[in-house]
Structure formats: structure tokens, C-alpha cells
2 protein chains.
Amino acid sequence: MILHLTDLSDEPLQSQIVRQIRAKILAGELTAGADLPSIRKLAREQHISVITVQRAYETLEHEGLIHSRRGKGFFVTELSDEARKTLAKKRLQEILEPKIRAALAEGLSKREINEVIRETLKGDLNNF
Amino acid sequence: MILHLTDLSDEPLQSQIVRQIRAKILAGELTAGADLPSIRKLAREQHISVITVQRAYETLEHEGLIHSRRGKGFFVTELSDEARKTLAKKRLQEILEPKIRAALAEGLSKREINEVIRETLKGDLNNF
DNA sequence: ATTACTGTATATATACCATATATACAGTTA
DNA sequence: TAACTGTATATATGGTATATATACAGTAAT
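Rules used in this analysis
All residue numbers refer to positions counted from 1 along the written sequence of the respective chain. To read the labels, note that chains go from A and ligands from 1, taken in the order they are written. Where totals are concerned, whole chains, interfaces and linings use all residues; where local detail is concerned, this predicted model gives features only for residues with pLDDT of at least 70, and gives and counts side-chain atom pairs only at 80 or more. The way it works is that DSSP assigns letters per residue, a run of H or I at least four long becomes a helix, a run of E at least two long becomes a strand, and they are numbered from the N terminus. Throughout, the radius of gyration refers to the C-alpha atoms, and the reference size of a globule is 2.2 Å times the residue count to the power 0.38. Our exposure labels follow a C-beta count within 10 Å of each residue's own C-beta, placed from the backbone: buried means 20 or more other C-beta atoms, exposed means 12 or fewer, and partly exposed covers the counts in between. An axis is simply a line fitted to the C-alpha atoms; with a helix, the fit covers only the stretch in contact. Between two such axes, the angle follows the N-to-C directions and lies from 0 to 180 degrees. Roughly parallel covers angles under 35 degrees, roughly antiparallel covers those over 145, roughly perpendicular covers 65 to 115, and oblique covers all other angles. Working rule for handedness: look at the near helix, and if it is turned counterclockwise from the far one by less than a right angle, call the crossing left-handed; if clockwise, right-handed. Two residues qualify as a contact pair if the distance between their C-beta atoms, derived from the backbone, is within 7 Å. Each residue gets one of three labels, nonpolar for Ala, Val, Leu, Ile, Met, Phe, Trp, Tyr, Cys and Pro, charged for Asp, Glu, Lys and Arg, and polar for the others, Gly among them. Any two strands with at least two DSSP bridges between them are considered paired. All copies are superposed by least squares; the fitting set is the C-alpha atoms of residues with a pLDDT of at least 70 in both. For each residue, a C-beta atom is placed from the backbone, and the residue counts as near a molecule or strand when that atom lies within 6 Å of it. Here, expected helix span is obtained from the residue count minus one, scaled by 1.5 Å. Here the bend at a residue means the angle between the axes of two seven-residue stretches, the one that ends at it and the one that starts at it. Domain delimitation follows an automatic or database domain assignment.

## Structural notes on the overall build of chain A
A tally of helices and strands in chain A yields five helices and two strands. Counting from the amino terminus, helix and strand elements in chain A follow one another as α-α-α-β-β-α-α. In summary, chain A has a C-alpha radius of gyration of 17 Å against a globular reference of 14 Å for 128 residues, an excess of more than 25%. Each principal axis of the C-alpha distribution contributes one length, and for chain A these read about 55 × 35 × 30 Å. Here chain A holds 128 residues, and 23% of them are scored as buried.

## Comments concerning the packing of helix α2 (residues 39-46) of chain A against helix α3 (residues 50-62) of chain A
Residues and elements named next belong to chain A. Where α2 meets α3, the axes come as close as 8 Å, and the angle between the chain directions of the two elements is 125 degrees. By the angle class used here, α2 and α3 are oblique. Regarding α2 and α3, the two cross each other, and that crossing is right-handed. Residue-level contacts link Ile39, Arg40, Leu42 and Ala43 of α2 to Val50, Val53, Gln54 and Tyr57 of α3.

## Quick notes on the packing of helix α1 (residues 13-26) of chain A against α3(A)
All names here are of chain A. Two elements in contact, α1 and α3, have axes whose closest approach is 9 Å; the angle formed by their N-to-C orientations is 45 degrees. When the axis of α1 is compared with that of α3, the two are oblique. Judged by the twist between their axes, the crossing of α1 over α3 is right-handed. Contact residues: Leu13, Gln14, Ile17, Val18, Ile21 and Arg22 in α1; Thr52, Val53, Arg55, Ala56, Thr59 and Leu60 in α3. Class assignment for the residues of the contact of α1 with α3 results in seven nonpolar, three polar and two charged.

## Things to note about the interface of chain B and chain A
Opposite the 33 residues of chain B that make contact, chain A presents 33 residues. Taken together, the elements giving at least two residues each to the side of chain B that touches chain A come down to α1 (13-26), α4 (81-105) and α5 (110-125) of chain B. Here the element with the most residues in the side of chain B that touches chain A is α4(B); it accounts for 15 residues. Counted by class, the side of chain B that touches chain A contains 18 nonpolar, four polar and 11 charged residues.

## Considerations on the pairing of strand β2 (residues 73-76) of chain A
Taken together, the four bridges between strand β1 (residues 66-69) of chain A and β2(A) define a ladder with antiparallel strand orientation. Along β2(A), the bridge assignment pairs Arg69(A) with Gly73(A).

## Things to note about the relation of the copies chain B and chain A
Placing chain B over chain A gives an RMSD of 0.1 Å and needs a rotation angle of 180 degrees, together with 0.0 Å of translation along the axis. Considering both components of the superposition, the chain copies are consistent with a two-fold axis. Among all residues of chain B, the minimum C-alpha distance to the rotation axis is found for Leu96(B), at 3.8 Å. Comparing interface residues between copies, 100% of those in chain B also sit at the interface in chain A, which points to an isologous, same-surface contact.

## A few points about the protein's contact with DNA strand C
Looking at DNA strand C, there are 23 residues lining it, with Pro12(A), Gln14(A), Ser49(A), Gly71(A) and Ser38(B) nearest. Listed by contribution, the elements that provide at least two residues to the surface near DNA strand C are α1 and α3 of chain A together with α2 (39-46), α3 (50-62) and β2 (73-76) of chain B. Ranked by the residues each element gives to the surface near DNA strand C, the list is headed by α3(A), at four residues. Residues belonging to the surface near DNA strand C are distributed by class as follows: eight nonpolar, nine polar and six charged.

## Section: the protein's contact with DNA strand D
Taken together, 23 residues are adjacent to DNA strand D, and Ser38(A), Pro12(B), Gln14(B), Ser49(B) and Gly71(B) come closest. Here the surface near DNA strand D takes four residues from α3(B), the largest share from any one element. Residues belonging to the surface near DNA strand D are distributed by class as follows: eight nonpolar, nine polar and six charged.

## Examining unusual backbone geometry
All names here are of chain A. Non-glycine residue His47 carries a positive phi angle of around 55 degrees. Structurally, His47 is set in the loop between α2 and α3. When the 7 C-beta atoms within 10 Å are taken as the criterion, His47 is described as exposed.

## Digging into helix α4 (residues 81-105) of chain A
Residue and element names in this part refer to chain A. Under the 1.5 Å per step criterion, the end-to-end length of α4 is 36 Å for 25 residues, consistent within 8% with the ideal 36 Å. The largest bend in α4 is about 30 degrees, located at Leu96, with the proline Pro98 one to four residues further on. Three or more residues of α4 are buried, namely Ala88, Leu92, Leu96, Ile100, Ala103 and Leu104. Within two residues after α4, Gly107 carries a phi angle of roughly 100 degrees, on the positive side.

## A closer look at the domain arrangement of chain A
For chain A, the assigned domains read domain 1 (13-76) and domain 2 (81-125). The gap between the C-alpha centroids of domain 1 of chain A and domain 2 of chain A is 27 Å.

## Describing the environment of Gly107(A)
Positionally, Gly107(A) belongs in the loop between α4 and α5 (110-125). In this structure, Gly107(A) is in contact with Leu26(B), Ala27(B), Gly28(B), Arg84(B) and Ala88(B), ignoring residues within four places of it in sequence.

Take a look at the structure:
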């Protein structure tokens, strides 16, 4: 499994691992039931500490995206396409709600907020 | 000045202070040149540590929203309506861009992202 | 001039997070 | 049996958030 980890950004390694594996699972790139690399294997490959991987996997387990079996490893949890889409939407909403609320409190109108989002999505169009 | 601080939420006190004062400034509720309560006064009123207020004010100063004068206090920086709006938009865009990028990586389409945002804004309509 | 306020600086402490190295136990597989 | 797996724990470093305390320098009121 390919993860792109860097210690040049502000984002903690744990967070990078969680974010990237979560995306692979929710985008359907990691199929249900698939096994993840062992914590020791991933730590070795990425030259990071085992406990860093362990904590990341625990977070994903807490989110219900993976589950562990002692002696066997971690596995991607069975989720329907619909469940995955619902999870992704729910997460986005939870993340955006307080930010949008703050923007409104800062004096931006709904129209202006929509405009910022449109520009942001348009910017991403060139990168996808 | 009225701030609503709580230690019941996950949000650190510093962050709450910064967020609430920033909103007041960007929304034009705190007028340019206005003085902020002294760090000791605000700490007393909110029953928190002086250094917590100091760190929050320093963050706002670093963002260019306020400036300090030794012996006199902290003051709201002069900003035009346009500059305030630009700042708010820029901040929102900086916050949203990585989150939208993550949502795309998780398999959500632009249409679905727009839908989540529309629902979120609609939800907020009832609270404003 | 003195007192009371202001911000700035520093020290120490606690709790938590992120990350690291190390060790050990229990379960699984080759 | 050896090599792998996850689980648990200890210790350490560095950073953040928050607290109490002290002291200095600047400002304003009495």
C-alpha cells in the first residue's frame, strides 16, 4: 500500500496516515475485507515508529472503518457503497458546519460563502 | 465586551477567545481603533489565566487584527470594509481547501460536496 | 510623587498530544 | 519453532494549553 508521508508539513504523521487510508477506504480503493499492512511493516516501510502507526490504525478502528484481529492483523470493515458515501458526507458536514458558522459570524453572507466554495472547487478542477 | 467562553467543549479557551474576537472585528462589531479589555481585566472577568488571554491577543496581533501599546493596552487595527471582507474570504478559503480536497479524495463528487454545503447553509438559515 | 493600571518577560508546574525507542505478552502462521 | 501478528506498558523528548507567580517598563489618575 502506497502512502505519501512527509514531515515537512504541519500535519502530524498520525493524521496523514489516517487521512490517506480513510480516503482509500471511502473511495473504494481498499476493498471491504482487505488486510492492511501490519503496524510493524508499515512502520518499517515509512521509517516511522510502530506506535505512530498503531495510534493511526486505532483512530480508523474507532471510526469503524477497520477492525483488528490479534495475531492476524487489521482489516477493512465491510461497508456498502451507500454507507461509504453517507460516512463521507457526514464527515464533511461535521467539519464544515463550525467553519461556515464562523464565516457567517465574521460577516460573510451565504452568497459570499458559496462564491468562495465555487472558486475553491473550480481551483481543484485543474488538479483532478 | 461579551465573550462566551466554556470549558465544556473541546475547543481550547485560547481558540475560543481568538475566534470570538476575530468575528467581532471582521463583522465590524468592534470598530477600528477601539480598545480591547486589558489582559488582566478579561482574565478577571472570565476567571481564566492572564497568560491565556495574552496568548490569544498575541495570535490576533499576529493576524494583524489588533496591535498593542505597552502601558496603554490592545487596540483594533484600522481596516477598511473591503479589507475585512477579503480577510474573511481568504481565511475561509484556506480552511476549506484541504477539507474539500479530502472529500474529493474520499470519493465525493463536486455535486455531492455542493449538496452538503447547501444543506449546511440551509440548516444555518434557521439559526440566523 | 505615588498608586494603580497597562503590556512584556520569565519561571515553574500540570496535563495532554505526537512521536520515539524498548520490552514483553498473547495469538497466528509458515 | 521461528517469525510474524496485535496489545500493553514504560520512558523520553518536544510542543501546546493553561495555570500561578514575579518582575520590569510604560501610562494614567490622584
